[in-house]
Amino acid sequence: MLCAVLLAGASRLGAGPVHAPNAPYSVEVGASSTVFNSGVGFNGSRADFGNSWGSEWIAAQSNYSTGWQTFTATFQADPGNVFTRATLGFGQWSFAVPEGGWLWFEMNWSLPGSTYAGTNNLDDTYYTWPGGSSWQVGAGGGNYQWWHRSNQGGGGMEFMPIMDFGVPLVLGNVSTFTVGFSARIQHGGNVFGSGTGAGIGFSAFQVTAETAPGNPAPNPVPEWGTTAALLGLGLIGLGVGRRRLK
């Protein structure tokens, strides 16, 4: 049975950010998000988004793919606090694949300005017949894929980290960050006797945000003399451009 767990104690998202009850930050889910956008709960410094998301191939409907689904959430630290690290992960998931069926999950994730603190799975593909997984992790983002395909069926419940489990993304003491992803599920092949085929479901998407007392480094503001010089150069360039047009 596919995972259909609702987040215990999750609150409905309002029009604005939701503040963590025991951590100095708030979270706002992007208005254009199509998955995990209905609720957010907090467990210490972890934000759990939900409800569950998944897909099951029904032969009569020929729904081989969910299409690309998206999610974004912006974290804002309270004044006097900064974010130092963030860890991303999916909650528990379950899958079922009939003999002769196949299933493929793919996701592109991003957290701009972050640095991956792990050493494994930087560009790695792992096969365990009849399935496997692939990680490509770079600065501020990456790609994760998981698949099950062959004449052998399968199923189970476990956790699916999109990077090494529990390894954080380092942030440079920032006051805000935005995490996002686009993901899709594709499936096909044979079906069970009930007419349903391969399926997969996730209980939640989770972000553990670590904070510390402090203030973000201010953005450098050019002094007036520098600004005036730049404006002068711009006006000179504009005058040259006008002469060329004449």
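In this text, all values refer to a predicted model and were calculated from it rather than measured experimentally.

What counts, and where the lines are drawn
Residues numbered from 1 in each chain as written. Predicted model: local features only at pLDDT ≥ 70, side-chain atom pairs only at ≥ 80, totals over all residues. Heavy atoms only, no water. Helix = DSSP H or I, 4+ residues; strand = E, 2+ residues; numbered from the N terminus. Areas by Shrake-Rupley, 256 points an atom, 1.4 Å probe, with all protein chains shown as cover. Core = buried A, V, L, I, M, F, W, Y, C linked by side-chain atoms within 4.5 Å. Buried < 20%, exposed > 50% of the residue type's maximum accessible area, 1.4 Å probe, protein only. Contact = heavy atoms within 4.5 Å. Pairing = 2+ DSSP bridges. Phe/Tyr/Trp six-rings, centres within 6.5 Å; stacked < 30°, edge-to-face > 60°. Salt bridge = Lys/Arg side-chain N within 4 Å of Asp/Glu carboxyl O. pLDDT = per-residue confidence, 0-100.

(A) Fine view of the overall build of the protein. Looking only at helices and strands, the protein has one helix and 19 strands in total. For the protein, the accessible surface area stands at approximately 12,700 Å², while carbon and sulfur atoms represent 56% of it.

(B) Representation of the nonpolar core in the model. Grouped together as the largest cluster of nonpolar side chains are 47 residues, with contacts concentrated most on Phe36, Phe49 and Phe75. The leading source of residues in this core is strand β17 (residues 176-189), at five residues. Dropping the residues within four chain positions of it, Phe75 is found in contact with Tyr25, Ser26, Val27, Ala47, Phe49, Phe83, Ser175, Thr176, Phe177, Val179, Val207 and Ala209.

(C) Main features of the environment of Val97. Secondary-structure assignment places Val97 in strand β9 (residues 92-97). Residue class for Val97 comes out buried when judged on its relative accessible area of 3%. In sequence terms Val97 and Arg149 are 52 residues apart; their C-alpha atoms lie 8.4 Å from each other. For Val97, the residues in contact, after removing those within four places along its chain, are Trp102, Leu103, His148, Gly153, Gly154, Phe192 and Ala198.

(D) Up close: the pairing of strand β10 (residues 101-110). In terms of strand pairing, β10 meets β17 through ten bridges, oriented antiparallel. Its bridge partner being in β17, Ser110 is matched across the sheet by Gly180. The sheet contact formed by β10 and strand β14 (residues 141-149) spans nine bridges and is antiparallel. Looking at the pairing, Phe105 lines up with Trp146 of β14.

(E) A look at the pairing of strand β19 (residues 205-213). Alignment of strand β5 (residues 46-50) against β19, held across four bridges, turns out to be antiparallel. Bridging from a neighbouring strand, Arg46 pairs with Thr208 of β19. Where strand β8 (residues 81-90) and β19 come together, nine bridges link them in antiparallel fashion. Across the sheet, the residue bridging to Phe83 is Thr211, located in β19.

(F) View of the packing of aromatic side chains. Scanning the entire structure with this criterion turns up 28 aromatic pairs. Measuring from ring centre to ring centre gives 6.4 Å for Phe49 and Phe75, while their planes differ by 80°; the resulting arrangement is edge-to-face. In this pair, Phe49 is assigned in strand β5 and Phe75 in strand β7 (residues 69-77), connecting sequence segments 26 residues apart. Residue Phe49 is classed as buried on the basis of its relative accessible area, which comes to 0%. Residue Phe75 is classed as buried on the basis of its relative accessible area of 0%.

(G) The pattern of salt bridges, seen in detail. Taken as a whole, this structure holds three salt bridges when the rule is applied. Among the ionic pairs, Arg46 bridges to Asp48, the shortest N-O distance being 2.7 Å. Accessibility expressed as a relative area gives 9% for Asp48, which makes it buried. For Glu210, the salt bridge goes to Arg85, with nearest N and O atoms at 3.3 Å. Of this pair, Glu210 sits in strand β19 while Arg85 sits in strand β8, placing them 125 residues apart in sequence. Using a relative accessible area of 26% as the deciding quantity, one classes Glu210 as partly exposed.

(H) Structural context of the confidence of the model for the protein. Mean pLDDT over the protein: 79, with 76% of residues reaching 70 or higher. Note on residues 1-14: pLDDT is under 50 here. Beyond four places in sequence and across chains, it has 35 contacts. Every residue in residues 221-246 scores below 50 in pLDDT, and together they form one contact with partners more than four places removed in sequence or on other chains.

(I) Quick look at the environment of Thr178. Position of Thr178 among the secondary structure elements: in strand β17. Placed 148 residues apart in sequence, Thr178 and Gly30 show a C-alpha to C-alpha distance of 9.5 Å. Every residue in contact with Thr178, bar those within four places of it in the chain, is listed here: Thr72, Ala73, Thr74, Ser110, Leu111 and Pro112.

(J) Spotlight on the environment of Gly195. Structurally, Gly195 is set in the loop between β17 and β18 (196-202). Residues Gly195 and Ala60, spaced 135 residues apart in sequence, show a C-alpha to C-alpha distance of 7.5 Å. Contact partners of Gly195, with chain neighbours within four places excluded, come to Trp57, Ile58 and Ala59.

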